[in-house]
Amino acid sequence: MKPNNENISFKERIIAHYYFDNPENVGKDSSGSGKDATTEGKTQPIVETIGGRSAVSLAGGKNGTSYIKLPSGLLKDINDDTGITVSTWVYLKKGLNVWERIFDFGKGSTGPYLFLTRNMRGTCFAGDDLVADAGRTYSSGEWIHVAMAVRGTKGGTLSSAGPVVYVNGEVVADGLISQTSSGTYAKLRNWFGTFSDQSNYRNNYIGKSQHELDEDFNGSLSDFRVYKAGLTQDEVIEVMCESLTDAEIVKLAKDKYLTFPITIVSKDLSLPSSLMGGKVTVVWKSSDLEALSSDGVVGEIYTPKGVTLTAFLSKGNETIEKEFTVSVLPNGIPSHLLSIEGSQE
């Protein structure tokens, strides 16, 4: 009888977990699965503290200079039913090539393989590329949380499946494939089928590409995890928050999640009461309740009013504030006027 995995928490589906906090045993697996990794290359990776976080630093350079090798049997339980997710904190240093790999799991340059680059291009390859590409670069010198989740089709029963890349819990590249795209959907199922042969995933690298022309990754990594599950966005956020304090979580919510794209208000606003999948609560306060309530309701005013909306973001005992200044217009006054002047002849 086929086991029912629907009720198994994603936390129980972790197959490798590298904190990178032990200089004497850099590649120690803390998942309990015994999947210890080894440091490799001319300049072997080292554990150090970067920006207050314990991490492994890789020196970059020509292919094979500085990388970590994970066990050959790491992905033996991955299939179309389970899916796969790889997540880690990343500290980018100056790169030599956009193809530098954060990780690259596979057989060799001819495939099959699964990789994620420093520019957040995620690729699943087994004769054809299945890609989720953020299409942008990311700043060096700061920690970001990165995850690549590849959801399986569960035997062709899901309406969509495929790779999705997240940065700080937000979707930056969506490579999900609709079931109606039968040809590409079948390619995804074929790619998952390659995991049935363990020899297809015997070269599992952190910081090194299967392709010899690609340079090694230059940067640092912390809290590197592999799950036999295609995690949802809420689950990715939960993984990210596990290694953050409450103070760090509310700061991340303030800096990366809470934006206010408008400065002119002419109708009621929908203000969020929570962020990051409910991890952070948000309470709003208006500086002028007659013009704009703390719930975002526009009042009966007769002249434009300047209002400051203050958001109080909280988790546990930690609270942080963020202010937004808007102009509230009376009903019937357009937010923009367009003047057209014709030339006189």
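Here the structure is shown first, and the text comes after it.
Residues numbered from 1 in each chain as written. Predicted model: local features only at pLDDT ≥ 70, side-chain atom pairs only at ≥ 80, totals over all residues. Heavy atoms only, no water.

*Asks:* Mind showing me how you'd approach the pattern of salt bridges here?
*Replies:* If the charged atoms of two oppositely charged side chains come close together, the side chains can form a pair. Using the criterion set out here, one finds eleven salt bridges in the structure. With its nearest N and O atoms 2.9 Å apart, the salt bridge here joins R118 to E100. Within this pair, whereas R118 is found in the loop between strand 8 (113-117) and strand 9 (121-125), its partner E100 is found in the loop between strand 6 (84-92) and strand 7 (101-106), the two being separated by 18 residues in sequence. According to the relative accessible area criterion, E100 is buried, its value standing at 0%. Here D133 makes a salt bridge to R121, at a shortest N to O gap of 3.0 Å. Of this pair, D133 sits in strand 10 (residues 129-133) while R121 sits in strand 9, and the two are twelve residues apart along the sequence. The network of salt bridges with shared partners includes K11, D223, R225, E238 and E242. (Salt bridge = Lys/Arg side-chain N within 4 Å of Asp/Glu carboxyl O. Helix = DSSP H or I, 4+ residues; strand = E, 2+ residues; numbered from the N terminus. Buried < 20%, exposed > 50% of the residue type's maximum accessible area, 1.4 Å probe, protein only.)

*Asks:* Would you mind showing me how to read the packing of aromatic side chains here?
*Replies:* By convention here, two paired aromatic rings are described through the distance between centres and the angle between planes. Scanning the entire structure with this criterion turns up 17 aromatic pairs. Look at Y113 and F125: their rings are 4.9 Å apart centre to centre, the planes differ by 20°, and that puts the pair in the stacked class. Highlighted residues: Y113 in strand 8 and F125 in strand 9, separated in sequence by twelve residues. In this structure, Y113 and F125 share a single accessibility class: buried. (Phe/Tyr/Trp six-rings, centres within 6.5 Å; stacked < 30°, edge-to-face > 60°.)

*Asks:* Is there a simple way to think about the sheet that holds strand 8 in this case?
*Replies:* Paired through their backbone hydrogen bonds, the strands of a sheet run either parallel or antiparallel. The seven strands lie next to each other as 2-5-15-7-8-9-10, forming an open sheet whose pairing is antiparallel. Both outer strands of the open sheet, strand 2 (38-40) and strand 10, are each paired with one neighbouring strand and no more. Pairs of neighbouring strands in the sheet enclose a mean axial angle of 20°, with direction left out of account. Two elements, strand 8 and strand 9, share four bridges in a ladder whose sense is antiparallel. Pairing of F115 across the sheet is with T123, part of strand 9. (Pairing = 2+ DSSP bridges. Axes fitted to C-alpha atoms, helices over the stretch in contact; angles between N-to-C directions.)

*Asks:* Would you mind going over unusual backbone geometry with me for this structure?
*Replies:* For residues that are not glycine, phi is negative in most cases, and the peptide bond is trans in most cases. For the peptide bond that leads from G111 to P112, omega is 0°, which places it in the cis range. Tracing the sequence through the fold places P112 in the loop between strand 7 and strand 8. Phi is positive for F20, close to 60°, though the residue is something other than glycine. Here F20 lies in the loop between strand 1 (14-18) and strand 2. Taking relative accessible area as the criterion, F20 reaches 1% and is therefore assigned buried. For M120, which is not a glycine, the phi torsion comes out positive at approximately 65°. Along the polypeptide, M120 turns up in the loop between strand 8 and strand 9.

*Asks:* Just to check I follow, could you spell out the nonpolar core for this structure?
*Replies:* Most often, soluble globular proteins have nonpolar side chains that are buried together. Among the nonpolar cores identified, the biggest contains 49 residues, and L75, F105, M120, W191, L221 and F224 are the most heavily contacted of them. With sequence-adjacent residues up to four places away left out, W191 is seen in contact with I84, Y113, L114, C124, F125, A126, V150 and Y201. In terms of nonpolar packing, the next biggest core, distinct from the first, is built from 35 residues, I50, I249, L258 and V298 among them. (Core = buried A, V, L, I, M, F, W, Y, C linked by side-chain atoms within 4.5 Å. Contact = heavy atoms within 4.5 Å.)

*Asks:* Mind showing me how you'd approach the pairing of strand 21 (residues 318-328) here?
*Replies:* Every other side chain in a regular strand lies on the same face of the sheet, so the side chains alternate between the two faces. Sheet topology note: the strand 17 (residues 264-265)/strand 21 ladder contains two bridges and is parallel. Bridge pairing in strand 21 places V265 opposite V328. The hairpin turn running from strand 20 (residues 305-315) into strand 21, its antiparallel successor, is two residues long, and G316 in that turn takes a positive phi close to 60°.

*Asks:* Can you walk me through the sheet that holds strand 18 (residues 274-275) in this structure?
*Replies:* One open sheet accounts for five strands, arranged 17-21-20-19-18; its pairing is mixed. Each edge of the sheet is formed by a strand with only one pairing partner; in this case those strands are strand 17 and strand 18. As paired strands, strand 20 and strand 21 are joined by eleven bridges and run antiparallel to one another. Pairing of F312 across the sheet is with E321, part of strand 21.

*Asks:* Whenever I open this one, the environment of D21 confuses me. Can you help?
*Replies:* Secondary-structure assignment places D21 in the loop between strand 1 and strand 2. Residues D21 and S54 lie 33 residues apart in sequence; the distance between their C-alpha atoms is 5.3 Å.

*Asks:* Explain the pairing of strand 15 (residues 203-206) to me, please; I cannot follow it from the model alone.
*Replies:* Residues of strand 15 alternate between two faces, with N203 and Y205 on one and N204 and I206 on the opposite face, all of them buried. Taken together, the three bridges between strand 5 (residues 67-70) and strand 15 define a ladder with antiparallel strand orientation. Along strand 15, the bridge assignment pairs I68 with I206. Sheet topology places strand 7 next to strand 15; four bridges connect them, and they run antiparallel. Paired with F105 across the strands is N204, a residue of strand 15.

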